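# Remarks on the overall topology
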Amino acid sequence: MSLTEVTNSNTAKRKGISNQPTEEHLVALKTLAENIFQPIRDHFGSPIWVSSGYRSAALNKAIGGAKKSQHCKGEALDLDMDGKGSPTNAEIFYYIKDNLPFDQLIWEFGSDKSPDWVHVSYSVSEKQRGQILKAKRNSAGKTYYETYN
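Notes on the structure follow. (Residues numbered from 1 in each chain as written. Predicted model: local features only at pLDDT ≥ 70, side-chain atom pairs only at ≥ 80, totals over all residues. Heavy atoms only, no water.)

With that settled, consider the overall build of the protein. Helix and strand counts for the protein come out as five helices and six strands. Each helix and strand of the protein, ordered N terminal to C terminal, gives the series α-α-α-β-α-β-α-β-β-β-β. On C-alpha atoms alone, the protein measures out to a radius of gyration of 15 Å, which is about the 15 Å that the 2.2 N^0.38 rule sets for 149 residues. Overall, the protein is about 40 × 40 × 35 Å in size when its C-alpha atoms are taken along their principal axes. For the protein, the residues scored as buried account for 45% of the 149 residues in total. Contacts in the protein between residues far apart in sequence, at least 24 positions, make up 61% of those at least 6 positions apart. For the protein, the exposed surface amounts to about 8300 Å²; the carbon and sulfur share of it is 49%. Computing the positive centroid from 19 side-chain charges and the negative centroid from 17, the protein places the two 7 Å apart. (Helix = DSSP H or I, 4+ residues; strand = E, 2+ residues; numbered from the N terminus. Rg over C-alpha atoms; globule rule 2.2 N^0.38 Å. Buried < 20%, exposed > 50% of the residue type's maximum accessible area, 1.4 Å probe, protein only. Contact = heavy atoms within 4.5 Å. Areas by Shrake-Rupley, 256 points an atom, 1.4 Å probe, with all protein chains shown as cover. Lys, Arg positive; Asp, Glu negative; His and termini not counted. Charge placed at Lys NZ, Arg CZ, Asp CG, Glu CD.)

Next up on the list: the sheet that holds strand S5 (residues 131-137). Reading across the sheet, the six strands line up as S1-S2-S4-S3-S5-S6 and stay open at both edges, with mixed pairing between neighbours. Of all the strands in the sheet, the pair left with one neighbour each is strand S1 (50-52) and strand S6 (143-147). In this sheet, neighbouring strand axes are inclined to one another by 30° on average, regardless of whether the strands run parallel or antiparallel. Note: strand S3 (residues 104-108) against S5, five bridges, orientation parallel. Residue pairing for S5: Ile-106 is matched across the bridge by Leu-133. The sheet strands contacting helix H3 (residues 23-44) are S1, strand S2 (76-79) and strand S4 (117-121), and the helix crosses S2 at an angle near 15°. Across the face of the sheet, helix H5 (residues 89-99) comes into contact with S2, S3, S4 and S5 while running at roughly 160° to S3. (Pairing = 2+ DSSP bridges. Axes fitted to C-alpha atoms, helices over the stretch in contact; angles between N-to-C directions.)

Side chains of S2 alternate between two faces, with Ala-76 and Asp-78 and Leu-77 and Leu-79 buried alike. When S1 meets S2, the two strands line up antiparallel, connected through two bridges. In the sheet register, Ser-52 faces S2, and the bridge partner there is Asp-78.

Time to look at H5. What sets the pattern is the α-helix's 3.6 residues per turn: residues three or four places apart point alike. All of the buried residues in H5 are Asn-89, Ala-90, Ile-92, Phe-93, Tyr-95 and Ile-96. Of the surrounding secondary structure, the elements contacted by the buried residues of H5 are H3, S2, S3, S4 and S5.

So, about the pattern of salt bridges. Working definition: two side chains of opposite charge can pair if their charged atoms are close together. Evaluated as defined, the whole model comprises seven salt bridges. One salt bridge in this structure joins Arg-41 and Glu-5, with 3.3 Å as the shortest N-O distance. Here the residue Arg-41 occupies a position in helix H3, and Glu-5 occupies one in helix H1 (residues 3-7), the gap between them amounting to 36 residues. Classification of Arg-41 by relative accessible area gives partly exposed; the value is 22%. For Asp-78, the salt bridge is made with Arg-55, and the minimal N-O distance between the two is 3.6 Å. (Salt bridge = Lys/Arg side-chain N within 4 Å of Asp/Glu carboxyl O.)

Following this line, the structure appears as structure tokens:
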């Protein structure tokens, strides 16, 4: 996982927002790469596409991200293989769920067969919660989360 992969943001470029991580964030990103990203890449033997990685506070605010987003700490990735071939988003989700330590794993929208993308986090300062959620939208379009079964 390269720094460019996890800091690239069209929104940041378009709005002139800095998205450069601090040394503390770099440590978290390295830990995330070692415990989550590289094991996924090694297991599937193929490139894995990061749709969102590190977000500066300003970028997170600009995109309407959660105020306490682990993306802002360098502890979270959104992975999206739609249109990229194998593995699928569902295969990535199940591999993480069944094989890796994680703080939070979210099946982001999509269908019962495949999420639109996979959110995964790894905490550098806390015990991994192993929390698994499914993101949904209500009739008003507001996002809510259910425990994944």
